[in-house]
Amino acid sequence: MDSKLWEGRLAGGLSGAANDYNSSIRVDSRMYREDIQGSLAHAQMLKETGIISPDDYATIQAGLKAILDDISSGALAVSPDAEDIHTFVEAELTRRVGAPGKKLHTARSRNDQVATDVRLYLKEQAANTVSLLIQLTKALADKAEKYTDAIMPGYTHLQRAQPVSFAQYLLAYVQMFLRDIGRVRDAAARMNRCPLGAGALAGTSFPIDRELTSRLLGFDAPCANSIDAVSDRDFCVELACALSLIMTHLSRLSEEIILWSSWEFRFVELSDEYSTGSSIMPQKKNPDLAELTRGKTGRVNGNLVALLTMLKGLPLAYNKDMQEDKEAIFDSFDTVTAALVVCIPMLESMAVNTDKMRLAATQGFINATDAADYLASKGVPFRDAYKAVGALVKYLISEGKSLESASLSEFRRFCPAFDEDVYSFISLEACLMRRNSLGGTSPEQTRSQLEDFRALIAQYE
Ligand code: ARG
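Residues numbered from 1 in each chain as written. Predicted model: local features only at pLDDT ≥ 70, side-chain atom pairs only at ≥ 80, totals over all residues. Heavy atoms only, no water.

1. A few points about the overall build of the protein
Item 1. What the protein contains, in helices and strands, is 20 helices and six strands.
Item 2. Oriented by its inertia axes, the alpha-carbon framework of the protein measures out at about 100 × 50 × 40 Å.
Item 3. Each of the 461 residues in the protein was classed as buried or not, and the buried ones make up 50%.
Item 4. Taking the intrachain contacts of the protein between residues at least 6 apart in sequence as the baseline, contacts between residues at least 24 apart amount to 74%.
Item 5. Carbon and sulfur atoms form 52% of the exposed surface of the protein, whose accessible area is close to 21,400 Å².
Item 6. Here the protein contributes 50 positively and 61 negatively charged side chains, and the mean placements of these two sets differ by 3 Å. (Helix = DSSP H or I, 4+ residues; strand = E, 2+ residues; numbered from the N terminus. Buried < 20%, exposed > 50% of the residue type's maximum accessible area, 1.4 Å probe, protein only. Contact = heavy atoms within 4.5 Å. Areas by Shrake-Rupley, 256 points an atom, 1.4 Å probe, with all protein chains shown as cover. Lys, Arg positive; Asp, Glu negative; His and termini not counted. Charge placed at Lys NZ, Arg CZ, Asp CG, Glu CD.)

What follows is the structure in structure tokens.
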């Protein structure tokens, strides 16, 4: 297609490389449904307001529906030479139905058209992301349900810190992904305003009905200001930011899985379907998919920065720079969707080695805080208790012993307040049970977190 819609002022026909450079068809052809949906609503409004005749409307409507069917079925290929999906559909309509097709663009500009199409497309993407996140949180919660009593080392600075349950660990990720659901939904709700009818930037002299097109397209209301309507891409930035955080959370989880599936930890084992081998080392079972998620986070963050940078110097209203919005935000959605689709079953099929977790928790003096708490409960000031246990730990390390294997006389050498009951007090199970403060790691608290989660997620569905 070498004739341009804007032929008239210009002779038309950009040179080959310039045409490719100018074209966005490779990126925006995926919005053909939304473009046709927007055009159908616009045409209906033009008819209702008497701007075009019912006959012209009927012709346009039938033509657009046929184009939709033909692109969907593959009977009509979107031309790679077209400038963008908007010009392609309009030119195809005119080619098919003649003069009425040329009336479709009355009281409309590609600027309000593209802003409308992108919002429609992203609404769908946002809804899909939310439903994947719901599946992910449910998968994590279902796993957590089985491991409320499974003790593992909790870490700070990647040093063994205090015992936690595996459930508590997984439920921490549930909280992150619940916030992500909230962020995507918030951004989608703010985006739900219709730019159509803003024209190029100033509105139109035709007696259009913006409330009608907004309603027909499922928006809450028309955008309030025509200049803002065509120059706002905040919704791309907000969604890109929410997607970056989703990827960041998936990346942190991936990092845990990579560590946990190493021979050093062996807390978990990925199923064969979600592992890869090495071309040379026969023993290898690699967590490539988790690593890819961690790696792809960089690209998703890059998209966010690309969008912010693209917008920051733009005078109002539309500038062609804005054509770059789609490549960035579409890629973020594609990447997050692909990551979620793989992550969910990878987590579901992941085997958990509770023996290894428990064994790791028995080493590294993970119950030292509890030994200090024990002394504090016997009336020793906590600071003194902390010091005594610190010295005891230092001594036991040199002896190659743990707190559990220390004799009572060894305990007493560092503080006379230690008694026989210290052993049951510092058992890992007791340590876990006692952390029963709200949101703590005790089985009672994790079960209550799970109940709250189930109630909340039921509202989302
Ligand atoms: N392909 C363009 C984009 O994605 C459509 C809008 C073109 N508008 C214009 N005034 N050139 O932004």
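2. Thoughts on the state of the cysteines
Put plainly, two cysteines are in a disulfide when a covalent bond ties their sulfur atoms together.
Item 1. Under the counting rule described, the total for this entry stands at zero disulfides.
Item 2. No disulfide involves Cys241; its nearest neighbouring cysteine sulfur is the one of Cys236, lying 13 Å away.
Item 3. Its sulfur unpaired, Cys415 is 18 Å from the next cysteine sulfur, which belongs to Cys431.
Item 4. On the basis of relative accessibility, which here comes to 9%, the residue Cys415 falls in the buried class. (Disulfide = S-S within 2.5 Å.)

3. Description of the site of the ligand
Item 1. What surrounds the ligand is the set Ser24, Asp84, His86, Arg110, Asn111, Val114, Tyr318, Gln323 and Lys326.
Item 2. Note that a nitrogen atom of the ligand is positioned 3.1 Å from one of the side-chain N or O atoms of Ser24.
Item 3. The side chain of Lys326 places a nitrogen or oxygen atom 2.6 Å from an oxygen atom of the ligand.
Item 4. When isolated, the ligand has an accessible area of 340 Å², and the protein chains bury 86% of it. (Near = heavy atom within 4 Å. Polar contact = N/O pair within 3.5 Å; in protein donor to acceptor, adjacent residues only side chain to side chain.)

4. Considering the packing of aromatic side chains
Item 1. Here the structure, examined in full by the defined rule, presents 12 aromatic pairs.
Item 2. Pairing Tyr147 with Phe166 gives two aromatic rings, centres 5.5 Å apart and planes at 75 degrees, and the pair type is edge-to-face. Separated by 19 residues along the polypeptide, Tyr147 in the loop between helix H7 (110–146) and strand S1 (151–156) and Phe166 in helix H8 (residues 166–191) bring together distant segments of the chain.
Item 3. Taking 6.2 Å as the distance between ring centres and 55 degrees as the angle between the ring planes, the aromatic pair formed by Tyr155 and Phe265 counts as tilted. Placement of Tyr155 in strand S1 and of Phe265 in the loop between helix H11 (234–260) and strand S5 (268–269) is noted, with a sequence separation of 110 residues between them. Pair check on accessibility: Tyr155 and Phe265 agree, each one buried.
Item 4. Aromatic ring contacts, followed pair by pair, group Tyr374, Phe411, Phe418, Tyr423 and Phe425 into a single cluster.
Item 5. Positioned above the aromatic ring of Phe219, the side-chain terminus of Lys123 is 4.3 Å from the ring centre.
Item 6. Directly above the ring of Tyr386 sits Arg383, whose terminal nitrogen or CZ lies 4.9 Å from the centroid. (Phe/Tyr/Trp six-rings, centres within 6.5 Å; stacked < 30°, edge-to-face > 60°. Lys NZ or Arg CZ within 6 Å of the ring centre and 35° of its normal.)

5. Considering the side chain of Thr297
Item 1. Mapped onto the fold, Thr297 is located in helix H12 (residues 288–312).
Item 2. Not counting residues up to four positions away in its chain, the partners in contact with Thr297 are Met247, Thr248 and Ser251.

6. A look at the environment of Ala328
Item 1. Its place among the elements puts Ala328 in helix H13 (residues 324–348).
Item 2. The class of Ala328 is buried, set by a relative accessible area of 8%.
Item 3. Residues Ala328 and Ala126, 202 residues apart in the sequence, show an inter-C-alpha distance of 15 Å.
Item 4. Look past the residues within four positions of Ala328 in its chain and what remains in contact with it is Asn303 and Leu307.

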